[in-house]
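Chain residues, written in single-letter form:
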Amino acid sequence: MNFSALLFVFIGGGIGSMLRFVVSWWMSLKNYNSIFATLISNVIASIIIALLVSSSIQNKNSSTQLFWAIGFCGGLSTFSTFSLQSFQLFQTQQWAWLAFNIIANLFITLLAIWVGLLIGEIV
């Protein structure tokens, strides 16, 4: 590991985290439930990760992978937030929202991975 690798992860993570914050802020302005911000962030990160692992983009240098996959997507994707929100919905017995949150985050992000891989084959 070298300093430049840490720098790529640090900068990518900072940008991903800021985007996550902006998505949450924007969704709160629209008075949407916060689980939608988590879902949007997870979908965006899933598409980007899929693009990075697709065959046409796979040959990019390691600094690209460090910046985007580990840094940016790591800062943007919010599985821990998803888990906390799911648990809070469970505690408050909001069963419909809990089911939606789990199903949407699982299946829509899987769909996003598939779409990202398809786009990666085209690019």
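Our structure is the block above this text.
In short, a report on the structure. (Residues numbered from 1 in each chain as written. Predicted model: local features only at pLDDT ≥ 70, side-chain atom pairs only at ≥ 80, totals over all residues. Heavy atoms only, no water.)

## Observations concerning the overall build of the protein chain
What the protein chain contains, in helices and strands, is 5 helices and 0 strands. Going from N to C terminus, the protein chain has its helices and strands arranged as α-α-α-α-α. Once the C-alpha set of the protein chain is aligned to its principal axes, its extents read approximately 45 × 30 × 25 Å. By residue count, 33% of the 123 residues in the protein chain fall in the buried class. Once local pairs closer than 6 in sequence are excluded, the contacts in the protein chain between residues at least 24 apart make up 72%. (Helix = DSSP H or I, 4+ residues; strand = E, 2+ residues; numbered from the N terminus. Buried < 20%, exposed > 50% of the residue type's maximum accessible area, 1.4 Å probe, protein only. Contact = heavy atoms within 4.5 Å.)

## Here's the deal with the packing of helix 2 (residues 34-53) against helix 4 (residues 79-91)
Where helix 2 meets helix 4, the closest approach of the two axes is 10 Å, and the angle between their N-to-C directions is 150 degrees. Taken together, helix 2 and helix 4 sit at an angle that is classed as roughly antiparallel. The handedness of the crossing between helix 2 and helix 4 is left-handed. Of the residues in helix 4, those in contact with S34, I35, T38 and N42 of helix 2 are F79, T81, F82, Q85 and L89. Residues that form the contact of helix 2 with helix 4 fall into these classes: 4 nonpolar, 5 polar and no charged. (Axes fitted to C-alpha atoms, helices over the stretch in contact; angles between N-to-C directions. Parallel < 35°, antiparallel > 145°, perpendicular 65-115°, else oblique. Left-handed = near helix turned anticlockwise from the far one by under 90°. Nonpolar A, V, L, I, M, F, W, Y, C, P; charged D, E, K, R; others polar.)

## Focus on the packing of aromatic side chains
This structure, assessed with the given rule, holds 9 aromatic pairs. Measuring from centroid to centroid gives 5.0 Å for F67 and W68, while their planes differ by 80 degrees, and the two rings are edge-to-face. Considering the side-chain rings of F79 and F82, the 5.2 Å spacing of their centres and the 45 degrees angle between planes classify their relative orientation as tilted. Highlighted residues: F79 and F82, both in helix 4, separated by 3 residues, approximately one helical turn. The exposure class of F82 is buried, given its relative accessible area of 11%. Following the ring pairs from residue to residue traces out a cluster consisting of Y32, F36, W97 and F100. (Phe/Tyr/Trp six-rings, centres within 6.5 Å; stacked < 30°, edge-to-face > 60°.)

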